[in-house]
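Fold and contact review
Okay, here's what each chain looks like letter by letter:
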Amino acid sequence: MFEKILVPLDGSENAFAALRAAFDIAKHYDSKIYAVSVANDQSYTQYGAVFGDDIMQHMKDQAEVALDQAAGEAKDAGIVLETHFEVGIPKQAIAESLPERLGTTLTVIGKSGAHGLNRAIMGSTTAYVVRRSTVPVLVISQDEKKH
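A quick note: this is a predicted structure, and the numbers were derived from the prediction, not measured.

**Considerations on the pattern of salt bridges**
Counted by the stated rule, this structure contains four salt bridges. For the salt bridge of Arg101 with Glu86, the shortest nitrogen-to-oxygen distance reads 2.5 Å. Of the two residues, Arg101 sits in helix H3 (residues 90–102) while Glu86 sits in strand S3 (residues 80–88), which places them 15 residues apart along the sequence. Notably, a salt bridge pairs Arg132 with Glu96, separated by 3.5 Å at the nearest N-O pair. With Arg132 in helix H5 (residues 125–132) and Glu96 in helix H3, this pair connects stretches of sequence that are 36 residues apart. With a relative accessible area of 45%, Arg132 lands in the partly exposed category. Using a relative accessible area of 25% as the deciding quantity, one classes Glu96 as partly exposed.

If you want it as structure tokens, here you go:
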């Protein structure tokens, strides 16, 4: 049923809570996980500012840290995981193009990874994915009381 699971990672705790929930599902269904990080190149040109390659390299470096952590955790848990770094509009990629291209059958996503200001400007990626996804979506919220 859930042979291929898409898990978007932005480095936040909620994203890693979603990854760990996906591990549990993967163990039950013998699934493969596709951990993806999508760098948003659109948000830096929409508002009249254009940033250079150094900003994109910084986003790629941050993504690699999160994806490497995911790969390490998956290996420790005995889970098959493939990582991908993409450039584009995250909410559209997660909801539409990545499930189609990777053939995923479920998306497991953290409730929110963006800070309040980014969410106000760009909108909630998670809310968009829930509304527009081409596959079922499971939203994971980290329990704030654990901190």
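Still to come is the rest of the account.
**With respect to the sheet that holds strand S5 (residues 137–140)**
Sheets are built from strands paired through backbone hydrogen bonds, the pairs being either parallel or antiparallel. Ordered by their spatial adjacency, five strands build an open sheet running S3-S2-S1-S4-S5, and the pairing between neighbours is parallel. Each end of this open sheet is capped by a strand with a single partner; those strands are S3 and S5. Averaged over all neighbouring strand pairs, the angle between strand axes comes to 25 degrees, with direction disregarded. Of the pairings in the sheet, the one linking strand S2 (residues 32–40) to S3 comprises nine bridges and is parallel in character. Note that in S3 the partner of Ala35 across the bridge is Thr83. Those strands touched by H3 are strand S1 (4–8), S2, S3 and strand S4 (106–110), and its axis lies near 140 degrees from that of S2.

Scoring rules and cut-offs
- Every chain is numbered on its own, with residues counted from 1 as its sequence reads.
- Two thresholds apply to this predicted model, a pLDDT of at least 70 for residue-level local features and 80 or more for giving and counting side-chain atom pairs, whereas whole-chain, interface and lining totals are computed over all residues.
- As a rule here, side-chain values cover all heavy atoms of the structure and leave hydrogens and water aside.
- Note on definitions: salt bridges are taken to be side-chain nitrogens of Lys or Arg within 4 Å of carboxyl oxygens of Asp or Glu.
- What counts as a helix is a DSSP run of H or I of at least four residues, what counts as a strand is a run of E of at least two, and both are numbered from the N terminus.
- Buried, partly exposed and exposed residues are distinguished by accessible area as a fraction of the type maximum, computed with a 1.4 Å probe on protein chains only: under 20%, between the cut-offs, and over 50%, respectively.
- Here, any two strands with at least 2 DSSP bridges between them count as paired.
- Lines fitted to the C-alpha atoms define the axes, with helices restricted to the stretch that makes contact. Angles between their N-to-C directions range from 0 to 180 degrees.
- The contact criterion used throughout is that any non-hydrogen atoms of two residues lie within 4.5 Å.

Structural measurements only, silent on function.
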